[in-house]
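# Survey of secondary and tertiary structure
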Amino acid sequence: MELDIRADDALIVVDLQVDFLPGGRLAVADGDSIVAPIEALADRYANVLLTQDWHTPHHISFASSHPGRQPFEVINLDYGPQVLWPDHCVMGTRGAEIASPALLAKAQLVLRKGYNDSVDSYSGFREADRKTLTGLAGYLRERGLKRLFITGLATDFCVNWTAQDAAANGFETIVIEDLTCAIDTNGSLASARGDMDKAGVHRISQAELLVG
Ligand SMILES: [Zn+2]
């Protein structure tokens, strides 16, 4: 698959935040390796949007909010299974900051998610209860942005859920896989790839983007 980049495309950079990079509280291995390439790619898009994980201090997705539980355990909540994470991306803290000043400067929108205490939100479109919408689909439609190229962290969680919801909302959705990095806990990367394929999400490498 070879793709040109059009004026009504959007590049969505998911959760490129201090806590998800090496040294952060929920570091994704090699997460720092994709920062410079995403910055370079962003210069080719007219529309760059960021998502930002933005949690309350005792968020329900934190293992520390559930006595006796450890990070990476899975528990059942009202809305379904929830992986428990180390505390991360607490609103207003250094760890929650976007790790790239260049992308922050270029971004037209920084969409915060996960700010409701009792619901997680991997997806930039809707929270983990699958009901509470963030407004992103409406924003994209009102701006006439039709095709979404998704990069960032982590492949198997926030990138995956954002991409599936993008496709479900009728956007042509392309994940640039070598500009994402995975957490890969309990087979999550393989199942994320399968789920994205089923949802009609295209997975490509950066090399498939034509230099216009
Ligand atoms: Zn989170």
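An unreviewed UniProt entry lists the protein chain under the name nicotinamidase, with Paradevosia shaoguanensis as the source organism. As recorded by UniProt, the Sequence similarities (unreviewed entry) comment attached to the protein chain reads in full: "Belongs to the isochorismatase family." In the Pathway (unreviewed entry) part of its UniProt record, the protein chain is described as follows: "Cofactor biosynthesis; nicotinate biosynthesis; nicotinate from nicotinamide: step 1/1."

The next thing to look at is the coordination of the zinc ion. Protein-derived coordination of the zinc ion comes from Asp 53 (OD), His 55 (NE2) and His 88 (NE2), at a distance range of 2.0 to 2.1 Å. Considered as a linear motif, the donors of the zinc ion on their single chain read D-x1-H-x32-H.

Attention now moves to the side chain of Asn 47. With respect to the helices, strands and loops of the structure, Asn 47 is situated in the loop between helix H1 (35-42) and strand E2 (48-53). Here Ala 7 takes part through its backbone oxygen, which lies 3.0 Å from a polar atom of the side chain of Asn 47. Side chain to side chain, Asn 47 and Arg 143 meet in a polar contact 2.9 Å long.

What follows concerns the pattern of salt bridges. A side chain of one charge can pair with a side chain of the opposite charge when the charged atoms of the two come close. Applying the stated criterion to the full structure yields 13 salt bridges. Measuring nitrogen to oxygen at the nearest pair gives 2.9 Å for the salt bridge that ties Arg 193 to Glu 177. A residue pair is termed long-range when its members are at least 10 positions apart, and Arg 193 in helix H5 (residues 188-198) and Glu 177 in strand E7 (residues 172-181) qualify at 16 residues. On the basis of relative accessible area, Glu 177 is assigned to the buried category, the value being 19%. If you follow the salt bridges from partner to partner, you end up with Asp 4, Arg 6, Asp 9 and Arg 147 in one network.

The next subject is the layout of surface pockets. A volume near 380 Å³ is recorded for the largest pocket. Lining the largest pocket are 21 residues, with Pro 81, Val 83, Tyr 122, Phe 157 and Trp 161 positioned closest to its centre. At the level of secondary structure, the elements contributing two or more residues to the lining of the largest pocket comprise strand E4 (80-83), helix H4 (155-168) and H5. Of the residues forming the lining of the largest pocket, the biggest block, five residues, is contributed by H4.

What follows is about the sheet that holds strand E6 (residues 147-153). An order of E5-E2-E1-E6-E7-E8 is seen for the six strands of this open sheet, with the pairing classed as parallel. Taken across any chain shown, the strands that pair with only one partner, and hence form the sheet edges, are strand E5 (109-113) and strand E8 (202-204). For this sheet, the mean inter-axis angle between neighbouring strands, taken without regard to orientation, is 25°. Inspection of the sheet shows E2 paired to E5 by five bridges, in the parallel sense. Paired with Thr 51 across the bridge in E5 is Leu 111. Where H4 meets the sheet, it contacts strand E1 (9-14), E5, E6 and E7, and its direction lies at approximately 165° from that of E6.

Moving on, we get to the packing of H4 against H5. The axes of two packed helices give the description: the angle between them and the distance between them. Taken N-terminus to C-terminus, the directions of H4 and H5 make an angle of 10°; their axes are 9 Å apart at the nearest point. Taken together, the axis directions place H4 and H5 in an arrangement best described as roughly parallel. Counting all contacts with H4, which are made through Thr 155, Asp 156, Phe 157, Asn 160, Ala 163 and Gln 164, the residues of H5 involved are Ser 188, Leu 189, Ala 192, Asp 195 and Met 196. When its residues are assigned to classes, the contact of H4 with H5 shows five nonpolar, four polar and two charged.

Counting across every chain of the model gives one cavity of 30 Å³ or more. Of the pockets and cavities examined, the largest cavity occupies roughly 100 Å³. Residue lining of the largest cavity: 13 residues in total, with Phe 20, Leu 26, Trp 85, Tyr 122 and Cys 158 positioned closest to the centre. When grouped by side-chain class, the residues that make up the lining of the largest cavity number nine nonpolar, two polar and two charged.

The rules behind these values
- Residues numbered from 1 in each chain as written.
- Predicted model: local features only at pLDDT ≥ 70, side-chain atom pairs only at ≥ 80, totals over all residues.
- Heavy atoms only, no water.
- UniProt positions renumbered as here; feature names shortened; annotations may be inferred.
- Donors = N, O, S within 2.8 Å, 3.2 Å for Na, K, Ca; no water.
- Helix = DSSP H or I, 4+ residues; strand = E, 2+ residues; numbered from the N terminus.
- Polar contact = N/O pair within 3.5 Å; in protein donor to acceptor, adjacent residues only side chain to side chain.
- Salt bridge = Lys/Arg side-chain N within 4 Å of Asp/Glu carboxyl O.
- Buried < 20%, exposed > 50% of the residue type's maximum accessible area, 1.4 Å probe, protein only.
- 1 Å grid on protein atoms, 1.4 Å probe; cavity = no way out; pocket = protein on both sides within 12 Å on 5 of 7 lines; lining within 4 Å.
- Points joined across faces, edges and corners; volume = space filled by probe spheres on them.
- Pairing = 2+ DSSP bridges.
- Axes fitted to C-alpha atoms, helices over the stretch in contact; angles between N-to-C directions.
- Contact = heavy atoms within 4.5 Å.
- Parallel < 35°, antiparallel > 145°, perpendicular 65-115°, else oblique.
- Nonpolar A, V, L, I, M, F, W, Y, C, P; charged D, E, K, R; others polar.

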